Amino acid sequence: MRGFDNRFTDFPDYVLGVTKDIWEDRGLGARIKDYYHPEVIVRTPGGIGFGDLAITAATMATCHEFPDRQLLGEDVIWSGTPEVGMLSSHRILSTATHVNDGPFGPATGRKIAARVMAECFAKTNVISDEWLICDNGAIVRQLGFDLKNWAHARIAALDPETQPFRPSIDVQGPYMGRGNHNQWGEAFAALLTRIMAAEFSVISDQYDRAVQAEYPGGQTVHGTGGVSAFWLGLRSSFPSATFEVHHQIGMEETNMPPRAAIRWSLTGKHDGWGAFGAPSGAEVHVMGISHAEFGPRGLRREWTLYDETAIWMQILTHQG
């Protein structure tokens, strides 16, 4: 780990350690400055932000609203080297209690559990590029709010120059890599590409019959039927949209099954019936991250995440 703090044993330890230092140990000022570049670029489905001060402000707001929040690191899938920089695709299960009023609305006192998936580029102990997706749909539902009404109520406060995220407002950051050429990453990317080409039969062919999958809204499905229903619901909402793989990583590690991480997008019109209701004609950008574990009978576990609230904001803004 040349260039990184000696207390971190490897890159996953760095990623999970930084997360705990900032969120749970409340290193909101000095730690953010230690670990984040002063001009870091952070992209979420809700928008794009710049600089460590923006990260500090957003982190403090979340810690105020959910003061007991824990971030439980489930996995870190990564590529690169300390010399050129490393890219992590990490998955976290966040638990918290909605104690105070905040961006999600009036305090409800309810407990929530939702996944976060993020990709971070780090070199010499500093993160300078990030792509972050939170399962806001799961949080909104667990707090007892209607998803579409919640999204609609926040449209007026959007900054059209930075929110929601879409390719036209993106900027090139320091990370220009595409991941690695490991066979498992390439296999998962090819699988998702075929699914997005409406080859849904590939799911029963290449997924384990007993697959478990975790999807937006805190949804867990078992079996290839549930997997097919999820991907069909997304693709049928945006049948003419362009699917693109932006980044792929495959990994083989001791004591772990083969794994893969893909960052992808769908960009185009909401011109079909599907998971997002009647076609509206809205131009929509979907930022997605997917993780997979493989076993002897095919893909055995999948995690895919996009932000339903950001998609609804784009649709509802178009509808006026």
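Summary of the structure given here. Here the structure is a predicted model, which means the values were calculated and not measured. (Residues numbered from 1 in each chain as written. Predicted model: local features only at pLDDT ≥ 70, side-chain atom pairs only at ≥ 80, totals over all residues. Heavy atoms only, no water.)

**Here we look at the overall build of the protein chain**
Here's step 1: Each helix and strand in the protein chain was counted, giving 9 helices and 12 strands.
Here's step 2: With respect to the three principal axes, the spread of C-alpha positions in the protein chain is 50 × 45 × 35 Å.
Here's step 3: Taking as baseline every contact in the protein chain between residues at least 6 positions apart, the subset at least 24 positions apart corresponds to 66%.
Here's step 4: Approximately 13800 Å² of the protein chain is accessible, and the part contributed by carbon and sulfur atoms is 53%.
Here's step 5: Considering the protein chain, the positive charge centre built from 27 side chains and the negative charge centre built from 37 side chains are found 3 Å apart. (Helix = DSSP H or I, 4+ residues; strand = E, 2+ residues; numbered from the N terminus. Contact = heavy atoms within 4.5 Å. Areas by Shrake-Rupley, 256 points an atom, 1.4 Å probe, with all protein chains shown as cover. Lys, Arg positive; Asp, Glu negative; His and termini not counted. Charge placed at Lys NZ, Arg CZ, Asp CG, Glu CD.)

**Here's the deal with the pairing of strand 10 (residues 259-269)**
Here's step 1: Across the 11 residues that make up strand 10, a large majority, 9, are buried.
Here's step 2: Judged from the 11 bridges that link them, strand 10 and strand 11 (residues 283-295) form a sheet pairing that is antiparallel. By the bridge assignment, Ala260 is partnered in strand 11 with Ala292. (Buried < 20%, exposed > 50% of the residue type's maximum accessible area, 1.4 Å probe, protein only. Pairing = 2+ DSSP bridges.)

**So, empty space enclosed by the protein**
Here's step 1: Applying the stated criterion across every chain yields a total of 1 cavity of 30 Å³ or more.
Here's step 2: Here the largest cavity is characterised by a volume of approximately 30 Å³.
Here's step 3: At the level of secondary structure, the elements contributing two or more residues to the lining of the largest cavity comprise strand 11 and helix 9 (308-319).
Here's step 4: A breakdown of the residues in the lining of the largest cavity according to their chemical character gives 6 nonpolar, 2 polar and 1 charged. (1 Å grid on protein atoms, 1.4 Å probe; cavity = no way out; pocket = protein on both sides within 12 Å on 5 of 7 lines; lining within 4 Å. Points joined across faces, edges and corners; volume = space filled by probe spheres on them. Nonpolar A, V, L, I, M, F, W, Y, C, P; charged D, E, K, R; others polar.)

**Topic: the sheet that holds strand 3 (residues 70-81)**
Here's step 1: Taken in spatial order, the 6 strands line up as 2-1-6-5-4-3 in an open sheet, and their pairing is mixed. One side of each edge strand has no neighbouring strand; the edge strands of this open sheet are strand 2 (47-50) and strand 3. Adjacent strand axes in the sheet meet at a mean angle of 15 degrees, parallel and antiparallel pairs treated alike.
Here's step 2: Sheet topology places strand 5 (residues 111-123) next to strand 6 (residues 126-134); 8 bridges connect them, and they run antiparallel. Note on strand 6: the bridge partner recorded for Met117 is Ile133.
Here's step 3: Against the sheet, helix 1 (residues 11-24) touches strand 1 (36-44), strand 3, strand 4 (85-97), strand 5 and strand 6, its axis set at about 140 degrees to strand 3.
Here's step 4: Against the sheet, helix 3 (residues 52-65) touches strand 1, strand 2 and strand 4, its axis set at about 60 degrees to strand 1. (Axes fitted to C-alpha atoms, helices over the stretch in contact; angles between N-to-C directions.)

**As for the sheet that holds strand 11**
Here's step 1: In spatial order, the strands read 8-7-12-11-10-9; together these 6 strands make up an open sheet with mixed pairing. Each edge of the sheet is formed by a strand with only one pairing partner; in this case those strands are strand 8 (219-222) and strand 9 (242-251). The sheet shows a mean angle of 15 degrees between the axes of neighbouring strands, taken without regard to direction.
Here's step 2: Pairing geometry for strand 9 and strand 10, over 9 bridges, is antiparallel. Counterpart to His247 in the pairing with strand 10 is Arg263.
Here's step 3: Running over the sheet, helix 8 (residues 224-237) touches strand 7 (207-215), strand 8, strand 10, strand 11 and strand 12 (298-305) and is turned about 50 degrees from strand 7.

**Section: the environment of Thr97**
Here's step 1: By the secondary structure assignment, Thr97 is in strand 4.
Here's step 2: Note on Thr97: relative accessible area 10%, which makes it buried.
Here's step 3: If sequence neighbours within four positions are ignored, Thr97 has contacts with Glu65, Phe66, Pro67, Asp68, Gly109, Arg110 and Lys111.
Here's step 4: Within the structure, Thr97 has its side chain in polar contact with the side chain of Lys111 (distance 3.0 Å). (Polar contact = N/O pair within 3.5 Å; in protein donor to acceptor, adjacent residues only side chain to side chain.)

**Points about the packing of aromatic side chains**
Working definition: an aromatic ring pair is given by the centre-to-centre distance plus the angle between the planes.
Here's step 1: With the rule as written, the count across this model stands at 20 aromatic pairs.
Here's step 2: A ring pair is formed by Phe243 and Trp264, whose centres lie 6.0 Å apart and whose planes are at 40 degrees; its orientation type is tilted. Pair noted here: Phe243 is in strand 9 and Trp264 is in strand 10, with a separation of 21 residues, a long-range link. Here Phe243 matches Trp264 in class, with each residue buried.
Here's step 3: What links up through ring pairs into an aromatic cluster is the set Tyr215, Phe230, Trp231, Phe238, Phe243, Trp264, Phe276, Tyr306 and Trp312.
Here's step 4: Seen from the ring of Trp303, Arg91 lies directly overhead, with NZ or CZ sitting 3.6 Å from the centre.
Here's step 5: Across the ring face of Trp131, the terminal group of Arg263 is positioned such that the distance to the ring centre comes to 4.0 Å. (Phe/Tyr/Trp six-rings, centres within 6.5 Å; stacked < 30°, edge-to-face > 60°. Lys NZ or Arg CZ within 6 Å of the ring centre and 35° of its normal.)

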